[in-house]
Amino acid sequence: MSKKPVIGVTPHRHKNEAGRLQILIAEDYLTAVTRAGGIPLMIPLGLDEEQLDGIFSLLDGLLLTGGGDMDPQSYGVQTQSQLIFVDPDRDRVELQLSRKALDTGLPFLGVCRGHQVINVALGGTLYTDISDEYPDALQHQFAGEWPRDHLAHSVRIEPKSRLAQIMGTEQVDVNSIHHQAIRKLASALIETAHAPDGIIESTILPEHPFGITVQWHPECLQAYQPMRALFRAFVDAAQK
Ligand code: MN
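Everything numeric in this text was worked out from a predicted model, so none of it was measured.

(A) Representation of the overall build of the chain within the structure. Within the chain, the regular secondary structure consists of 7 helices and 13 strands. Taken over the C-alpha atoms alone, the chain extends approximately 50 × 45 × 35 Å along its principal axes. Buried positions account for 55% of the 240 residues belonging to the chain. Considering only contacts within the chain whose residues lie at least 6 apart along the sequence, 68% involve residues at least 24 apart.

(B) Layout of the side chain of Thr125. With respect to the secondary-structure elements, Thr125 resides in the loop between α4 (113–121) and β7 (126–127). Sequence-distant contacts of Thr125, defined by excluding residues within four places in its chain, comprise Tyr75, Asn119, Ala181, Ile182, Arg183 and Lys184.

(C) Layout of the coordination of the manganese ion. At this site the manganese ion is bound by His140 (ND1), His153 (NE2), Ser176 (OG), His178 (NE2) and Glu201 (OE), with donor distances of 2.3 Å. Here the donor residues of the manganese ion are spaced in sequence according to H-x12-H-x22-S-x1-H-x22-E. With His140 in the loop between α5 (130–133) and β8 (153–157) and Glu201 in strand β12 (residues 200–204), this residue pair connects regions lying 61 residues apart in the sequence. An identical accessibility class is assigned to His140 and Glu201; each is buried.

(D) Representation of the nonpolar core in the model. Core analysis: the largest hydrophobic core is formed by 35 residues, its most contacted members being Leu63, Ile212 and Trp216. Broken down by secondary-structure element, the contributors of at least two residues to this core are β1 (6–9), α1 (27–35), β6 (108–111), β8, α6 (162–167), β9 (171–174), β13 (211–214) and α7 (225–239). Look past the residues within four positions of Ile212 in its chain and what remains in contact with it is Phe108, Leu109, Gly110, Leu163, Ile166, Ser202, Thr203, Ile204 and Leu230. Counting 30 residues, the second-largest nonpolar core is a separate cluster that includes Leu47, Phe56, Leu95 and Ile118.

(E) View of the pairing of strand β3 (residues 21–24). Note: strand β2 (residues 12–15) against β3, 4 bridges, orientation antiparallel. From the neighbouring strand, Arg13 faces β3, where its bridge partner is Ile23. Hairpin connection, β2 to β3: the antiparallel pair is bridged by 5 residues, and Gly19 has positive phi, about 85 degrees.

(F) Highlighting the packing of helix α2 (residues 49–56) against helix α3 (residues 88–104). The interhelical angle for the contact between α2 and α3, taken along N-to-C directions, is 50 degrees, at an axis separation of 11 Å. Here α2 lies oblique to α3, going by the angle between them. Regarding α2 and α3, the two cross each other, and that crossing is right-handed. Only Arg92, Val93, Gln96, Leu97, Lys100, Ala101 and Thr104 of α3 make contact with α2, whose side of the interface consists of Glu49, Leu52, Asp53 and Phe56. Of the residues in the contact of α2 with α3, the class split is 5 nonpolar, 2 polar and 4 charged.

(G) Quick look at the sheet that holds strand β5 (residues 61–64). If you trace the 9 strands from one edge of the open sheet to the other, you get β4-β1-β5-β6-β13-β12-β11-β8-β9, paired in mixed fashion. The outermost strands of the open sheet, each flanked by one partner alone, are β4 (39–42) and β9. Each adjacent strand pair in this sheet contributes to an overall mean axis angle of 25 degrees, direction not counted. Alignment of β8 against β9, held across 4 bridges, turns out to be antiparallel.

(H) Seen up close, the packing of aromatic side chains. If you walk through the whole model with that rule in mind, you get 3 aromatic pairs. Geometrically, the ring pair formed by Tyr127 and Tyr134 is edge-to-face, given 5.4 Å between the ring centres and 80 degrees between the ring planes. Across this residue pair, the class does not change: Tyr127 and Tyr134 are buried. Ring centres of Phe142 and Trp146 lie 4.9 Å apart, and the angle between their planes is 80 degrees; this geometry places the pair in the edge-to-face category.

(I) Geometry of the environment of Leu122. Of note, Leu122 is situated in the loop between α4 and β7. Sequence separation of Leu122 and Leu189 is 67 residues, and the distance between their C-alpha atoms is 8.1 Å. In contact with Leu122, not counting residues within four places along its chain, are Leu102, Ala186, Ala188, Leu189 and Leu205.

(J) Representation of α7 in the model. Helix length check: α7, at 15 residues, gives a terminal C-alpha distance of 21 Å against a target of 21 Å (1.5 Å per residue), a fit within 8%. Three or more residues of α7 are buried, namely Pro226, Met227, Ala229, Leu230, Phe231, Ala233, Phe234, Val235, Ala237 and Ala238.

(K) Region of the structure containing the pairing of β6. Residues Phe108 and Gly110 point to one face of β6 and Leu109 and Val111 to the other, with burial holding for every one of them. Where β5 meets β6, 3 bridges bridge the pair, whose relative direction is parallel. Looking at the pairing, Leu62 lines up with Phe108 of β6. Taken together, β5, α3 and β6 form a β-α-β motif whose crossover is right-handed. Sheet topology note: the β6/β13 ladder contains 4 bridges and is parallel. Its bridge partner being in β13, Gly110 is matched across the sheet by Thr213.

Thresholds applied
Here, residues in each chain are numbered from 1, in the same order as that chain's written sequence. Reporting in this predicted model follows two pLDDT cut-offs: at least 70 for local features of residues, and 80 or more for side-chain atom pairs to be given and counted; totals over whole chains, interfaces and linings ignore these cut-offs and use all residues. Values reported for side chains reflect all heavy atoms of the structure, with hydrogen atoms and water molecules removed beforehand. A run of DSSP states H or I qualifies as a helix once it reaches four residues; a run of E qualifies as a strand once it reaches two. Both are numbered from the N-terminal end. Whether a residue is buried, partly exposed or exposed follows from its accessible area with a 1.4 Å probe, protein chains only, as a fraction of its type maximum: under 20%, in between, or over 50%, in that order. Contact definition: two residues touch when any of their heavy atoms are within 4.5 Å. Shown as donors are all N, O and S atoms within 2.8 Å of a metal ion, widened to 3.2 Å for Na, K and Ca; because water is not in the atom set, sites may appear incomplete. Only buried residues count toward a nonpolar core. Its members are Ala, Val, Leu, Ile, Met, Phe, Trp, Tyr and Cys residues joined through side-chain atoms within 4.5 Å. One requirement defines pairing of two strands: DSSP has to find at least two bridges between them. Angles shown run from 0 to 180 degrees and are taken between the N-to-C directions of axes, each axis being a line fitted to C-alpha atoms and, for helices, limited to the stretch in contact. Any angle that falls under 35 degrees is termed roughly parallel, while one over 145 is termed roughly antiparallel, one within 65 to 115 roughly perpendicular, and all others oblique. Take the far helix as the reference: if the near one is turned anticlockwise from it by less than a right angle, the crossing is left-handed, and if turned clockwise, right-handed. Note on residue classes: Ala, Val, Leu, Ile, Met, Phe, Trp, Tyr, Cys and Pro are nonpolar, Asp, Glu, Lys and Arg are charged, and everything else, Gly too, is polar. Under the pairing criterion, centres of Phe, Tyr and Trp rings, with the six-membered ring standing for Trp, must be within 6.5 Å; the plane angle then separates stacked pairs below 30 degrees from edge-to-face pairs above 60, leaving the rest tilted. Each residue after the first adds 1.5 Å to the expected span of a helix. Here a crossover is taken to be right-handed if, once the strands point away from the viewer, the path from the first strand over the helix to the second is traced clockwise.

Printed below as a string of structure tokens:
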């Protein structure tokens, strides 16, 4: 039996009630990876470039998770919009890991913030707040009181795209827990799914063994076969 692939999973930094900083990952990312046949490996923050390279060398795949907003300076924008949980150290860590994955052909899956990080790593930009900057947008921010598996809007997947093949459908209902979105798509990426208002909900990096990003949270929708299939395809690519 071949060795199970090791999937690096990026975390977020959280200050608890006692003021102590913690490095955390929502468990559903880890169970989604495990269920798909991978071994999740938590990647810390606060490591220097050499230490991160050392961890990267252990990985068969990279899962970039959801979380707070990127610092808009990372894509050259100043904004008056209200930002959420900006952590420049997390930006630095994830941009370095992303660039390594892009350069080396390491399979990656970007979720929500991770979808945005890959776009920024490749030279794209973001709407810093959809409701401020995107006229006639649907509601995309179902945070807080809403259950994380709330199906907020549909997504149309490009027919015959790799995502449509993997998920076995060209239309799917998704959760939506984001107030930012891709503005300028990086030239290397192809948009493969859209919300009804035109917001880019998925991209693929062609010519890469597995480079897919989604704006929704498939790890919270594991009750649905297409969402399990997405993690399965990612882990299978990491196995190769
Ligand atoms: Mn959405």
